[in-house]
Amino acid sequence: MRYRVVLRHSEEGYSVSCPSLPGCWSQGATEAEALENIRAAIREYLAPVEEFRELL
């Protein structure tokens, strides 16, 4: 599944969030690092959903 993310440049590097998953955000020193980190954050955010599906 694909999720839209919002990437913003800041003084510390880049911050990135996923608007469709409230509270799912990350950051990185570079754009590539921030995008890699948000992929991991999305997987962690959705992990409980996958666990729940396995119980059904």
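Look up: the structure comes first, before these words.
The rules we used
Residues numbered from 1 in each chain as written. Predicted model: local features only at pLDDT ≥ 70, side-chain atom pairs only at ≥ 80, totals over all residues. Heavy atoms only, no water. Patch = residues over 30% accessible without salt bridge, like charges linked within 9 Å, V, L, I, M, F, W, Y side chains within 5 Å. Areas by Shrake-Rupley, 256 points an atom, 1.4 Å probe, with all protein chains shown as cover. Salt bridge = Lys/Arg side-chain N within 4 Å of Asp/Glu carboxyl O. Helix = DSSP H or I, 4+ residues; strand = E, 2+ residues; numbered from the N terminus. Pairing = 2+ DSSP bridges. Axes fitted to C-alpha atoms, helices over the stretch in contact; angles between N-to-C directions. Contact = heavy atoms within 4.5 Å.

A.B. asks: I keep staring at a nonpolar patch on the surface and nothing clicks. Help me out?
C.D. replies: Nonpolar side chains collect at one region of the surface, where Phe52, Leu55 and Leu56 lie side by side and expose about 420 Å² of accessible area between them. For phenylalanine 52, the location among the structural elements is in helix α1 (residues 31-55).

A.B. asks: Help me understand the sheet that holds strand β1 (residues 6-10) in this model?
C.D. replies: In a beta sheet, neighbouring strands are held together by backbone hydrogen bonds and run either parallel or antiparallel to one another. The strand order across the open sheet built from 3 strands is β1-β2-β3, with neighbouring strands paired in antiparallel fashion. What marks the edges here is a single partner per strand, and that holds for β1 and β3 (25-28). On average, each strand axis in the sheet is inclined to that of its neighbour by 20 degrees, with strand direction left out of account. In this structure, strand β2 (residues 13-17) lies alongside β3, joined through 4 bridges in antiparallel fashion. Counted as the bridge partner of valine 16 is serine 26 from β3. Taken strand by strand, α1 contacts β1, β2 and β3, and its axis lies near 150 degrees from that of β3.

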